[in-house]
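# Structural overview for review
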Amino acid sequence: MATHPPRQRIKFSDIAIGQRFFDPISAEYFVKQSETLAAMVTGIGDGTIPDEFEADDILGIDE
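Source: prediction; values computed, not measured. (Residues numbered from 1 in each chain as written. Predicted model: local features only at pLDDT ≥ 70, side-chain atom pairs only at ≥ 80, totals over all residues. Heavy atoms only, no water.)

The next point concerns the pairing of strand β4 (residues 37-40). As paired strands, strand β3 (residues 28-32) and β4 are joined by 3 bridges and run antiparallel to one another. Bridge pairing in β4 places K32 opposite A38. If you look at the hairpin formed by β3 and β4, you'll find 4 residues sitting between the two strands. Pairing of β4 with strand β5 (residues 50-52) involves 3 bridges; the strand directions are antiparallel. When the bridges of β5 are listed, L37 appears paired with E52. (Pairing = 2+ DSSP bridges. Helix = DSSP H or I, 4+ residues; strand = E, 2+ residues; numbered from the N terminus.)

What follows is the structure, encoded as structure tokens:
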């Protein structure tokens, strides 16, 4: 059984551009690129294809 690092819950709007975060819906990590876009950097993501997020989406950042 894998252990996960402790995560702080945070809204997408509160994450800084360039910050890495965990999306619980896709169970993957992303890096915020703008106020509405982020790119997946784990799994099938290579950080080049942006995905839209809403300002009030709840995400996680590793502590």
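A few words now on a negative patch on the surface. Taken together, the side chains of D51, E52, E54 and D56 define an acidic patch exposed on the protein surface. The residue D56 is located in the loop between β5 and β6 (58-62) in this model. A residue is classified by how much of its surface remains accessible, and D56, at 51% relative accessible area, is exposed. (Patch = residues over 30% accessible without salt bridge, like charges linked within 9 Å, V, L, I, M, F, W, Y side chains within 5 Å. Areas by Shrake-Rupley, 256 points an atom, 1.4 Å probe, with all protein chains shown as cover. Salt bridge = Lys/Arg side-chain N within 4 Å of Asp/Glu carboxyl O. Lys, Arg positive; Asp, Glu negative; His and termini not counted. Charge placed at Lys NZ, Arg CZ, Asp CG, Glu CD. Buried < 20%, exposed > 50% of the residue type's maximum accessible area, 1.4 Å probe, protein only.)

Tracing the backbone shows E63 in the segment after β6. A sequence separation of 20 residues divides E63 from G43, and the C-alpha atoms of the two residues are 21 Å apart. Not counting the four nearest positions on each side in its chain, E63 is found in contact with P6, R7 and Q8. (Contact = heavy atoms within 4.5 Å.)

A few words on the environment of E28. When you line up the elements, E28 lands in strand β3. For the pair E28 and G43, spaced 15 residues apart in the sequence, the C-alpha separation amounts to 6.6 Å. Among the polar contacts listed, one links the side chain of E28 to the side chain of T42, at a separation of 2.5 Å. (Polar contact = N/O pair within 3.5 Å; in protein donor to acceptor, adjacent residues only side chain to side chain.)

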